[in-house]
Amino acid sequence: MNHTALETVGLTRSFGGLIAVNNIHLNVEAGSVFGFLGPNGAGKTTTIRIVLGLIKPDRGRVMLFGQDLSSHRLSILGRVGALVETPSLYNHLTGFENLEVTRRLLGCPKENIENALEIVKLTEAAHRLVREYSLGMRQRLGLALALLNRPEILILDEPTNGLDPAGIREMRALIKQLPAQFGITVFLSSHLLSEVEQLASHVGIIHQGTLLFQGSLNELHAHQHERLVLEVDRPAVAMELLTQQGWHVQREENNRLTVSSQGRKDAAFINSLLVREGLKVFHLSRQQPSLEETFFQLTGEPTAGDPT
Ligand SMILES: Nc1ncnc2c1ncn2[C@@H]1O[C@H](COP(=O)(O)OP(=O)(O)OP(=O)(O)O)[C@@H](O)[C@H]1O
Ligand SMILES: [Mg+2]
C-alpha cells in the first residue's frame, strides 16, 4: 500500500475578510509528483507557506510523514526541501559557495554539495559567480539548495515561473526524474495545466481557496464526460428530437451538434434514432473533451497558455 508523504486536514486561512485557503484536505502519496494547479490568487502559495510552517493556519493541520508539523516541526522540516518562488542567492559568491553557506547552516556532509550540483547539472558552472548565471541557472541553483539536505519531499512553488522555454524544459526534466532516481516525493504548484499534465502523476485543482478536484491524472481523465459530434442534413430537427428524448444537445459551428453521451451504446442508439426518423447522418464521432475543457468546467476559468 502507498503511504502518505503529505496530508493536510481542513487547512483554512483568511487575510482580513478574504478566505485565501478554505478547508483544504490534501493527500500526497509518497513517490508521486503532485501538481497543485490553480489560477492566480487561488491560494497555492498560501497553502505552501502553511505546509512549510512559514505561516499558521486559522484552522486545520499539516501532517508530514505521518507526524503533525506543529508538534514535530524541526525534525519534520529537516526532511523537507523547498523552493518558494525565486531563490535568495548571494550574487557575489559562486554557485558552490552559495551551497556551502547553506550546507554549514544545515550541518549536512560536504558530499551533498557535489550530489546536488550533479542533479541540477551545474557541476561545470559551480565555480562561476552567481552574478553571471542565467535565470535558468539561478533557478537550478535554487533547486540544488532545496536538495542539499537530501529531502524526502520537495515542495516547489511555481518552479518554472519566469523562465524561458529552454529553462522551463530543463527544469521540468530535472523535477520529473526525482521520484524514480532519488526516491523524492514532489509537490509543486503551477498555474499551467499543460505543465501539470506533463510533469505530475497526481493533481489537485484549487480555485478561490477551495480544492475542486484531487486524484491521479487518470482519474481526472475519467472525470471527463464523453460527447458525440454529429453532422446531419437537418440539425434543427435532430436537435429537437434529441432534446425531447432527454439528451443534452448543443449546436456548434458548421451545422454540427454535440451531444453529452457515454460510450458506444449511446452512439449506436442516437445514430439509429436519427436514421429511423429519416435524417441523414453524415458524420458521427465520439470525443473526449480536453483536460483544458475539464478544467474550465471545474473552475469556470480558462487556463493560461503554456509559454513553451
Ligand atoms: N499576506 C497576505 N495579505 C493579504 N492577502 C494575501 C496575503 N497573501 C495572500 N493573500 C491573498 O490570498 C489569496 C491567495 O493568494 P496566494 O498567493 O496564495 O495565491 P496563488 O494561488 O499563489 O496565486 P499566484 O498564482 O498569483 O501566485 C489572494 O487573493 C491574495 O491576494
Ligand atoms: Mg503563488
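Thresholds, definitions, all that
Residues numbered from 1 in each chain as written. Chains lettered and ligands numbered in written order. Predicted model: local features only at pLDDT ≥ 70, side-chain atom pairs only at ≥ 80, totals over all residues. Helix = DSSP H or I, 4+ residues; strand = E, 2+ residues; numbered from the N terminus. Buried ≥ 20, exposed ≤ 12 C-beta atoms within 10 Å, placed from the backbone. Contact = placed C-beta atoms within 7 Å. Domains from an automatic or database assignment. Near = placed C-beta within 6 Å. Nonpolar A, V, L, I, M, F, W, Y, C, P; charged D, E, K, R; others polar. Pairing = 2+ DSSP bridges. Axes fitted to C-alpha atoms, helices over the stretch in contact; angles between N-to-C directions. Core = buried A, V, L, I, M, F, W, Y, C linked by C-beta atoms within 7 Å.

**Overview of the overall build of the protein chain**
- The helix and strand inventory of the protein chain stands at 11 helices and 14 strands.
- Dimensions of the protein chain, computed from C-alpha atoms along their principal axes, come out at roughly 80 × 45 × 40 Å.
- Across the 308 residues that make up the protein chain, the buried fraction comes to 36%.
- Taking as baseline every contact in the protein chain between residues at least 6 positions apart, the subset at least 24 positions apart corresponds to 70%.

**Focus on helix α1 (residues 44-51)**
- Most of α1 is tucked away: seven of the eight residues are buried.
- Inspection of α1 places K44, T46, T47, I48, R49, I50 and V51 among the buried residues, and these make up the whole buried set.
- In the segment just after α1, G53 is the residue with positive phi, at about 75°.

**Quick notes on the domain arrangement of the protein chain**
- As assigned here, the protein chain comprises domain 1 (4-222) and domain 2 (227-287).
- Relative placement of domain 1 and domain 2: their C-alpha centres are 47 Å apart.

**A short note on the site of ligand 1**
- Ligand 1 sits among F15, L18, A20, G38, N40, G41, A42, G43, K44, T45, T46 and H191.
- Breaking the shell around ligand 1 down by element, the ones donating at least two residues are β2 (18-29) and α1.
- Ranked by residue count, the leading element in the shell around ligand 1 is α1, at three residues.
- Looking at the shell around ligand 1 residue by residue, the class counts come to four nonpolar, seven polar and one charged.

**Overview of the sheet that holds β2**
- As summarised here, the arrangement of the four strands in space is β2-β1-β4-β5, forming an open sheet in which the pairing is antiparallel. Looking at which strands have only one partner, the edges of the open sheet turn out to be β2 and β5 (67-68).
- Across two bridges, the pairing between strand β4 (residues 59-64) and β5 is antiparallel. Across the sheet, the residue bridging to L64 is Q67, located in β5.
- Relative to strand β1 (residues 4-15), α1 is tilted by about 120°, and along the sheet it contacts β1, β2 and β4.

**Re the environment of R227**
- Secondary-structure assignment places R227 in strand β11 (residues 227-232).
- Taking the C-alpha atoms as reference points, R227 and D266, 39 residues apart in sequence, are found 9.6 Å from one another.
- If we ignore the near neighbours within four places in the chain, the residues touching R227 are T258, V259, S260, S261, Q287 and P289.

**Concerning the sheet that holds strand β7 (residues 153-157)**
- What the six strands build is an open sheet, ordered β6-β7-β8-β3-β9-β10; its pairing is mixed. What marks the edges here is a single partner per strand, and that holds for β6 (80-84) and β10 (210-216). Averaged over all pairs of adjacent strands, the angle between their axes in this sheet comes to 10°, without regard to strand direction.
- Judged from the four bridges that link them, strand β3 (residues 33-37) and strand β9 (residues 202-207) form a sheet pairing that is parallel. Pairing of F36 across the sheet is with G204, part of β9.
- Contacts between helix α5 (residues 135-147) and the sheet are confined to β6 and β7, with β6 contributing the most and set at about 155° to the helix.
- Seen against the sheet, helix α11 (residues 291-299) touches β9 and β10 and runs at an angle of roughly 40° to β9.

**Details of the pairing of β9**
- Of all six residues that make up β9, five are buried, and the element is covered over most of its length.
- Direction of pairing for β9 relative to β10: antiparallel, over a ladder of six bridges. The partner of I205 across the bridge, within β10, is F213.
- Hairpin connection of β9 to β10: two residues between the antiparallel strands, including Q208 at a positive phi of 50°.

**A closer look at the environment of F65**
- Within the element layout of this structure, F65 appears in the loop between β4 and β5.
- Other than its neighbours up to four places away in sequence, F65 contacts A5, I76, R79 and E152.

**Structural notes on unusual backbone geometry**
- Positive phi, normally seen in glycine, also occurs at F65, with a value near 50°.
- When the 19 C-beta atoms within 10 Å are taken as the criterion, F65 is described as partly exposed.
- Within the chain, E158 stands out as a residue other than glycine whose phi angle is a positive 45°.
- With respect to the helices and strands, E158 occurs in the loop between β7 and α6 (165-182).
- Look at E158 and you get buried, because 20 C-beta atoms sit within 10 Å.

**Focus on the nonpolar core**
- In this structure, A144, I153, I155, V186 and F187 are the most contacted members of the largest nonpolar core, which totals 64 residues.
- The leading source of residues in this core is α5, at six residues.
- When residues no more than four places from it in sequence are discounted, the contact partners of I155 are I48, V51, L52, V80, A82 and F187.
- By size, the runner-up hydrophobic cluster in this structure holds 10 residues, among which are L228, V232, L242 and L257.

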